[in-house]
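Listed here are the chains, written in short residue letters.
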Amino acid sequence: HRPWQKCAVAKVFQKTDEFEDWGTKALLLRLRWTLAAAQLWPADAFRLLDVGNNGCLQRKDLISGLERLGVRSEGLSQERWTRQVENLFRWMAQDHREVIFLEEFRAALE
């Protein structure tokens, strides 16, 4: 087998973990659709996910909150679900912080 970089489709991919980005974008799209179906604005959803009422979301808040909203796909293993949400968390959190603030959450959903 030859390396993927030498394949004709290599120019489509910018980095080797591009597939993880697709999964993150798909999860974000599912979240957007879920919020639209529930008629929730991003700020309202953030408040629902922020169970500690501390103005920020930690990884565990995002994981459990997205499950409560019904974003998790049926049949998805816990390991894969956790990995998908952690990728989304890293994508949303600016400056590689360990929390997501309302403005970051809102910006990701626009």
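To be clear, the structure that these remarks concern was listed above.
Read on for a plain summary of the structure. (Residues numbered from 1 in each chain as written. Predicted model: local features only at pLDDT ≥ 70, side-chain atom pairs only at ≥ 80, totals over all residues. Heavy atoms only, no water.)

1. Observations concerning unusual backbone geometry
For step 1, the next point in the chain: Not every positive phi belongs to a glycine, and glutamine 39 is a case in point at roughly 55 degrees.
For step 2, the next point in the chain: With respect to the helices, strands and loops of the structure, glutamine 39 is situated in the loop between helix H1 (18–37) and helix H2 (42–49).
For step 3, the next point in the chain: Residue asparagine 53 is not a glycine yet carries a positive backbone phi of 50 degrees.
For step 4, the next point in the chain: With respect to the helices and strands, the residue asparagine 53 is situated in the loop between H2 and strand E1 (56–57). (Helix = DSSP H or I, 4+ residues; strand = E, 2+ residues; numbered from the N terminus.)

2. Quick word on the nonpolar core
A general trend in soluble globular proteins is that nonpolar side chains are found buried together.
For step 1, the next point in the chain: Leu31, Leu62, Leu66, Trp81, Met92, Ile100 and Phe105 are the most contacted members of the largest nonpolar core, which totals 23 residues.
For step 2, the next point in the chain: Elements with a minimum of two residues in this core: H1, H2, helix H3 (59–69), helix H4 (78–92) and helix H5 (102–109).
For step 3, the next point in the chain: In contact with tryptophan 81, other than residues within four places in its own chain, are Leu27, Arg30, Ile63, Leu66, Glu67, Val71, Arg72 and Leu76. (Core = buried A, V, L, I, M, F, W, Y, C linked by side-chain atoms within 4.5 Å. Buried < 20%, exposed > 50% of the residue type's maximum accessible area, 1.4 Å probe, protein only. Contact = heavy atoms within 4.5 Å.)

3. Details of the pattern of salt bridges
For step 1, the next point in the chain: The tally for this structure, following the rule as stated, stands at six salt bridges.
For step 2, the next point in the chain: When the shortest N-O distance is used, the salt bridge between aspartate 44 and arginine 47 registers 3.3 Å. Within this pair, aspartate 44 and its partner arginine 47 are both found in helix H2, separated by three residues, close to a single helical turn.
For step 3, the next point in the chain: By relative accessible area, which is 51% here, arginine 47 ends up exposed.
For step 4, the next point in the chain: In this structure, arginine 59 engages glutamate 98 in a salt bridge whose closest nitrogen and oxygen atoms are separated by 2.7 Å. Placement of arginine 59 in helix H3 and of glutamate 98 in the loop between H4 and strand E2 (100–101) is noted, with a sequence separation of 39 residues between them. (Salt bridge = Lys/Arg side-chain N within 4 Å of Asp/Glu carboxyl O.)

4. As for the packing of H2 against H5
For step 1, the next point in the chain: Two elements in contact, H2 and H5, have axes whose closest approach is 9 Å; the angle formed by their N-to-C orientations is 130 degrees. As summarised for this structure, H2 and H5 are arranged oblique, according to the angle between their axes. You can see that H2 and H5 cross each other, and the crossing is right-handed. Of the residues in H5, those touching H2 at Pro42, Ala43, Ala45, Phe46 and Leu49 are Leu102, Phe105, Arg106 and Leu109.
For step 2, the next point in the chain: Class assignment of the residues belonging to the contact of H2 with H5 gives a composition of eight nonpolar, no polar and one charged. (Axes fitted to C-alpha atoms, helices over the stretch in contact; angles between N-to-C directions. Parallel < 35°, antiparallel > 145°, perpendicular 65-115°, else oblique. Left-handed = near helix turned anticlockwise from the far one by under 90°. Nonpolar A, V, L, I, M, F, W, Y, C, P; charged D, E, K, R; others polar.)

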